[in-house]
Amino acid sequence: MSTPPDLSIVIPVYNEEMNINKLYQRLASVLSGMTLSAEIIYVNDGSKDHSLAVLHSLAASDPRVHFIDFSRNFGHQLAISAGIENARGEHIVIMDGDGQDPPELIPELLAKALEGYEVVYARRRKRQGENFLKKFTARMFYRILARITNIEIPVDTGDFRIIHRKIQQILKRMPEQHKYIRGQISWIGFNQTWLEYDREERMGGETKFTYKKMMRFALDGISSFSVWPLKVATISGFLVSGVAFALIVYSLYEKFFGTTEPGWTSLHISVLFIGGIQLIGIGILGEYLGRVSENVKNRPHYIIRDTNLPHDET
Ligand code: UDP
Ligand code: MG
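Just so we're clear, the structure is a prediction, and the values are computed from it rather than from any experiment. (Residues numbered from 1 in each chain as written. Chains lettered and ligands numbered in written order. Predicted model: local features only at pLDDT ≥ 70, side-chain atom pairs only at ≥ 80, totals over all residues. Heavy atoms only, no water.)

A short note on the packing of aromatic side chains
Any pair of aromatic rings gets described here by the distance separating the centres and the angle formed by the planes. Worth spelling out the cut-off: The rule is short: rings of Phe, Tyr and Trp, with Trp giving its six-membered ring, pair when the centres are within 6.5 Å, and they are stacked under 30 degrees, edge-to-face over 60, tilted in between. Should the NZ of a Lys or the CZ of an Arg lie within 6 Å of a ring centre and within 35 degrees of the ring normal, that charge is described as sitting over the ring.
For the structure shown, the criterion picks out 9 aromatic pairs. An aromatic cluster is built from Phe70, Phe74 and Tyr302, whose rings are joined through pairwise contacts. The side chain of arginine 72 reaches across the aromatic face of phenylalanine 74, ending 3.8 Å from its centre. The aromatic ring of phenylalanine 190 is capped on one face by lysine 166, whose charged end is 5.2 Å from the ring centroid.

Written as structure tokens, this is what we have:
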């Protein structure tokens, strides 16, 4: 059993064959300037390219390098979870594998953490090389989320951060299937602070987050930390019912005291309108219910095919 390192670095990898070595070089030179022991845990999230082979050869040449190979693609959040759960360091850095989170920031993150912060997250000042729609939707999402949740989830922040072992131990006790790790970490509390950095462009390849994945991720974030959408469904249900009631009174009045008209238009509009509102309400219920049922099933969050982690824990 080797002694645990001071620092663990967790990096999720999904089809990053062209970035792994470059990022590793940058990371290695940052680490060589620091007087501490470190491990790097790469989580291969079902890559379809040669990422795994690249990781194998890194692991063969550097004993600090570990990998966890998933049986298929489980998604960015679960890849990070696996890395965090298996990290042995006193402090754990979480960063992307495409170079957008600069490893050169790690010494600063660590210095801040050593001042007594359990969490130091990196907040992006600028984002380079990402299109307008991505930046705009991300901006809107974080603002909306901040408004409707009752915990403070920092805006314009990804998962790039350093956390103390204490946080890791608590995360392990939060068994939800749909992870929104940055939200969970905010929820945990302790002393949290941030540093600012300029987000770089991807070194190579394309983003692995399609709009569909981003949408699902956004829904996970909202449904994990807010019941506000359910309230909206209820409130709009009451409003629409109120309007409908007024219309009923009005049409009865017209029938007995006025002149009845064919009234197709109003009929159609009201049926469609109420039908629409009902479907929205049911849809929102479905989003929550689906997540409840997945948590009840209690399946393992991810499946590891192969790893070279030293198994100290059990
Ligand atoms: N990633 C992953 N599984 C996925 C999608 C992405 O492990 O299903 C990894 C990816 O390799 C990268 C990080 O998560 O290291 C962030 O992904 P990406 O750069 O594509 O997201 P973006 O920066 O565009 O939001
Ligand atoms: Mg990226």
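That was the structure; now back to the text.
Considerations on the coordination of the magnesium ion (ligand 2)
Put simply, the rule is: Donors, by definition, are the N, O and S atoms found within 2.8 Å of a metal, the threshold being 3.2 Å for Na, K and Ca, and water is not counted, so a site can look incomplete. Three labels apply to residues, based on accessible area from a 1.4 Å probe with only protein chains included: buried if under 20% of the type maximum, exposed if over 50%, partly exposed otherwise in between.
Those protein atoms acting as donors to the magnesium ion (ligand 2) are Asp98 (OD) and Gln100 (OE1), and they sit at 1.9 to 2.0 Å. Glutamine 100 gets classed as buried once you look at its relative accessible area, which sits at 7%.

Brief notes about the site of ligand 1
Quick note on the threshold: Whether a residue is near a molecule or strand depends on its heavy atoms: it is near if one of them lies within 4 Å of it. What sets the accessible areas is the Shrake-Rupley method with a 1.4 Å probe; for residues, cover comes only from the shown protein chains. Only Asp, Glu, Lys and Arg are considered charged, only Ala, Val, Leu, Ile, Met, Phe, Trp, Tyr, Cys and Pro nonpolar, and every remaining residue, Gly among them, polar.
Contacts to ligand 1 come from 19 residues, most closely from Asp45, Asp98, Gln100, Thr207 and Lys208. With the chains in place, 95% of the 530 Å² that ligand 1 exposes on its own is no longer accessible. For the shell around ligand 1, the residue count by class is 4 nonpolar, 6 polar and 9 charged.

Re helix α8 (residues 211-225)
Condition: Comment: elements are numbered from the N terminus, with helices defined as DSSP H or I runs of at least four residues and strands as E runs of at least two. Residue count minus one, scaled by 1.5 Å, sets the expected span of a helix.
Spanning 15 residues, α8 covers 21 Å between terminal C-alpha atoms, matching the ideal 21 Å at 1.5 Å per step. Those residues of α8 that fall on the buried side of the exposure criterion are Met214, Phe217, Ala218, Asp220, Gly221, Ile222, Ser223 and Phe225.

Side note on empty space enclosed by the protein
As a reminder of what qualifies: Buried and open spaces are told apart on a 1 Å grid over the protein atoms alone, a cavity being a set of points where a 1.4 Å probe fits but cannot get out and a pocket being an open set with protein on both sides within 12 Å along at least five of seven lines. Residues with an atom within 4 Å of a point are the lining residues. Grid points are joined across faces, edges and corners, and a volume is the space filled by probe spheres set on the points.
For the coordinates displayed, the defined rule picks out 1 cavity of 30 Å³ or more. In this structure, the largest cavity occupies an estimated 70 Å³ of space. Contributing elements (two or more residues each) for the lining of the largest cavity: α3 (76-86) and α7 (181-188). Per-element accounting of the lining of the largest cavity gives the leading share, 3 residues, to α3. The residue makeup of the lining of the largest cavity, split by class, is 3 nonpolar, 2 polar and 2 charged.

A word on unusual backbone geometry
Not every positive phi belongs to a glycine, and asparagine 15 is a case in point at roughly 55°. Within the secondary structure, asparagine 15 is located in the loop between β1 (7-13) and α1 (20-32). Look at asparagine 15 and you get partly exposed, because its relative accessible area is 23%.

Some details on the nonpolar core
Just so we agree on the cut-off: The definition of a nonpolar core used throughout is a set of buried Ala, Val, Leu, Ile, Met, Phe, Trp, Tyr and Cys residues joined through side-chain atoms within 4.5 Å. Whether two residues are in contact is decided by their heavy atoms, any of which lying within 4.5 Å being enough.
The biggest cluster of nonpolar side chains holds 34 residues, and the ones touching the most others in it are Leu7, Ile9, Ile11, Ile40, Tyr42 and Met95. In terms of residue count, the dominant contributor to this core is α1 (7 residues). Setting aside residues up to four positions removed in sequence, methionine 95 forms contacts with Ile9, Val10, Ile11, Pro12, Leu23, Leu27, Asp101, Pro102, Pro103, Ile106 and Phe160. Core analysis: the next-biggest nonpolar cluster, separate from the first, contains 26 residues, Ala82, Val119, Tyr121 and Ile170 among them.

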